[in-house]
Amino acid sequence: MSHLIAPSILSADFANIQRDVEMINNSEADWFHVDIMDGMFVPNISFGFPVIKAIKKHATKPLDVHLMIVDPDRYLQTFKDAGADILTVHLEACPHLNRTVQAIKALGMKAGVAINPHTPTNLLNDIIEDIDLVCVMSVNPGFGGQKFIENTYRKISALKEIIRATKSKAKIEIDGGVDLNNYRKLLEVGADVLVAGNTVFSSNDPAKTISILKKQIL
Ligand code: DX5
Ligand code: ZN
């Protein structure tokens with residue numbers, strides 16, 4: 001299967017959110033990447049449920065919701081009700097990750113687990129068979145437009161091996177600093193989903209940039 005592109009709404013124009021959602025609807029993008037930050041897990045606050053609902057109202061593609069929040073168990077049902085199709089929690093924020101993943105799936109969403117740049121991939125060994133997505137953070141989470149961390153390539157290769165050995169169906173998503181210089185190499189080493197915020201929304205033609213990221217055939 002071809003790789004997927006998930007433009008990050010964090011870099012959209014919030015005063016023109018419907019316009020930017022329609023642009024993604026009409027583009028070759030596959031998912032909407034929706035970043036939720038609580039000012040505790042990460043040093044930034046993004047937006048909450050009313051904005052997710054507003055995006056959902058117009059979106060014709062799945063919402064890939066990335067929770068950068070402490071204690072996400074409190075809000076799983078509310079994110080489902082707001083329109084999340086895929087719900088990703090951070091490994092570092094979940095002491096009972098297996099329980100959290102099962103709860104996400106029981107609500108009818110796909111379950112993802114994100115890992116920070118310093119978190120070793122082998123901490124996923126005993127959860128990988130239960131999840132649909134691993135989100136590998138290729139920047140320290142909290143802000144769009146940061147510089148890509150090169151160690152990510154090595155982590156993708158290691159994860160690929162864990163997924164192969166366990167026959168897991170989990171997709172590997174790369175989040176942070178994805179651009180037109182590094183996306184080919186990311187796909188080569190095994191990325192399945194590319195998140196792109198700044199690269200898409202700061203370009204002159206966002207839909208064309210999405211098309212370039214999508215068309216790469218290896
Ligand atoms: C970072 C967020 C990312 C961010 C990516 O904390 O999780 O999803 O929006 O933005 P770019 O592609 O600009 O690095
Ligand atoms: Zn994200």
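See the structure shown above.
Residues numbered from 1 in each chain as written. Chains lettered and ligands numbered in written order. Predicted model: local features only at pLDDT ≥ 70, side-chain atom pairs only at ≥ 80, totals over all residues. Heavy atoms only, no water.

**Quick notes on the overall build of the chain**
Applicable threshold: Numbering goes from the N terminus for both helices and strands, where a helix is a DSSP run of H or I of at least four residues and a strand is a run of E of at least two. Computation of the radius of gyration draws on C-alpha atoms alone. For the globule rule, the value is 2.2 Å times the number of residues to the power 0.38. When accessible area is computed with a 1.4 Å probe and restricted to protein chains, residues below 20% of their type maximum are described as buried, those above 50% as exposed, and intermediate ones as partly exposed. What sets the accessible areas is the Shrake-Rupley method with a 1.4 Å probe; for residues, cover comes only from the shown protein chains. In this charge count, Lys and Arg are treated as positive and Asp and Glu as negative; neither His nor the chain ends contribute. To locate a charge, the coordinates of NZ of Lys, CZ of Arg, CG of Asp or CD of Glu are taken.
Counting secondary structure elements, the chain contains eight helices and eight strands. In summary, the chain has a C-alpha radius of gyration of 16 Å against a globular reference of 17 Å for 218 residues, a match within 12%. For the C-alpha atoms alone, the extent of the chain along its principal axes is close to 40 × 40 × 30 Å. The burial tally for the chain puts 53% of its 218 residues in the buried class. Of the roughly 9,900 Å² that the chain leaves accessible, carbon and sulfur atoms contribute 51%. Across the chain, the centroid of the 23 positively charged side chains sits 4 Å from that of the 25 negatively charged ones.

**With respect to the coordination of the zinc ion (ligand 2)**
The condition that has to hold: Listed donor atoms are N, O and S within 2.8 Å of the metal (Na, K and Ca: 3.2 Å). As water is not included, a site may look incomplete. Every geometry call rests on angle ranges, with four donors termed tetrahedral when all angles are between 85 and 135 degrees, four termed square planar and six termed octahedral when opposite donors are over 155 degrees apart and all others are between 65 and 115, and everything else termed irregular.
The coordination sphere of the zinc ion (ligand 2) contains the protein donors His33 (NE2), Asp35 (OD), His66 (ND1) and Asp175 (OD), at a distance range of 2.1 to 2.2 Å. Coordination at the zinc ion (ligand 2) is octahedral: its six donor atoms span angles of 70 to 172 degrees at the metal. When the donor residues of the zinc ion (ligand 2) are listed from N- to C-terminus, their spacing reads H-x1-D-x30-H-x108-D. Note that histidine 33 is positioned in strand S2 (residues 32-37) and histidine 66 in strand S3 (residues 63-68), a separation of 33 residues in sequence. With a relative accessible area of 0%, histidine 33 lands in the buried category.

**Notes on the side chain of histidine 33**
Applicable threshold: Any pair of N or O atoms that falls within 3.5 Å is considered a polar contact. Within protein, one atom must be able to donate a hydrogen and the other to accept it, and sequence-neighbouring residues count only if both atoms are side-chain atoms. Two residues qualify as a contact provided that any one of their heavy atoms is within 4.5 Å of a heavy atom in the partner residue.
Looking at histidine 33, its side chain comes within polar contact range of the side chain of aspartate 35, at 2.9 Å. Setting aside its immediate chain neighbours within four residues, histidine 33 contacts Ala6, Pro7, Ser8, Ile9, Asp64, His66, Glu173, Asp175 and Val195.

**Focus on the site of ligand 1**
Basically, it comes down to this: Here a residue is considered near a molecule or strand provided that any single heavy atom belonging to it is located within 4 Å of it. Here the term charged refers only to Asp, Glu, Lys and Arg, the term nonpolar to Ala, Val, Leu, Ile, Met, Phe, Trp, Tyr, Cys and Pro, and the term polar to all other amino acids, Gly among them.
Contacts to ligand 1 come from 20 residues, most closely from Ser8, Asp35, Gly142, Gly145 and Asp175. With respect to ligand 1, the side chain of serine 8 contributes an N or O atom lying 2.8 Å from an oxygen atom. Glycine 177 places a polar main-chain atom, nitrogen or oxygen, 2.8 Å from an oxygen atom of ligand 1. For ligand 1, whose unbound accessible area comes to 380 Å², protein coverage reaches 99%. The set of elements that each furnish at least two residues to the shell around ligand 1 consists of S2, S3 and strand S8 (193-196). In terms of residues, the shell around ligand 1 owes the most to one element, S2, which gives three residues. When grouped by side-chain class, the residues that make up the shell around ligand 1 number eight nonpolar, ten polar and two charged.

**A word on the packing of aromatic side chains**
Definition in use: The criterion for an aromatic pair is that two Phe, Tyr or Trp rings (for Trp, the six-membered ring) have centres within 6.5 Å, with stacked assigned to planes under 30 degrees apart, edge-to-face to planes over 60 apart and tilted to the rest.
Counted according to the given criterion, the structure contains four aromatic pairs. Judged by centre distance (5.4 Å) and plane angle (55 degrees), the rings of phenylalanine 14 and phenylalanine 47 are tilted. In this pair, phenylalanine 14 is assigned in the loop between strand S1 (4-7) and helix H1 (17-25) and phenylalanine 47 in the loop between S2 and helix H2 (49-58), connecting sequence segments 33 residues apart. Pairing phenylalanine 49 with tyrosine 75 gives two aromatic rings, centres 6.0 Å apart and planes at 50 degrees, and the pair type is tilted. Placement of phenylalanine 49 in helix H2 and of tyrosine 75 in the loop between S3 and helix H3 (76-82) is noted, with a sequence separation of 26 residues between them.

**Let's talk about the environment of arginine 164**
Structurally, the position occupied by arginine 164 is in helix H5 (residues 152-166). With a relative accessible area of 56%, arginine 164 lands in the exposed category. Taking the C-alpha atoms as reference points, arginine 164 and isoleucine 210, 46 residues apart in sequence, are found 29 Å from one another.

**What to know about H5**
Applied cut-off: Expected span of a helix: the number of residues minus one, times 1.5 Å.
Over its 15 residues, H5 runs 21 Å from end to end, which matches the ideal 21 Å to within 8%, given 1.5 Å per residue. Where H5 is buried, its residues touch strand S5 (110-115), strand S6 (133-137), strand S7 (171-175) and helix H6 (183-189). Once H5 finishes, lysine 167 follows within two positions and takes phi at roughly 55 degrees, a positive value.

**A short note on the side chain of serine 8**
Its place among the elements puts serine 8 in the loop between S1 and H1. Overall, the relative accessible area of 5% leaves serine 8 in the buried class.

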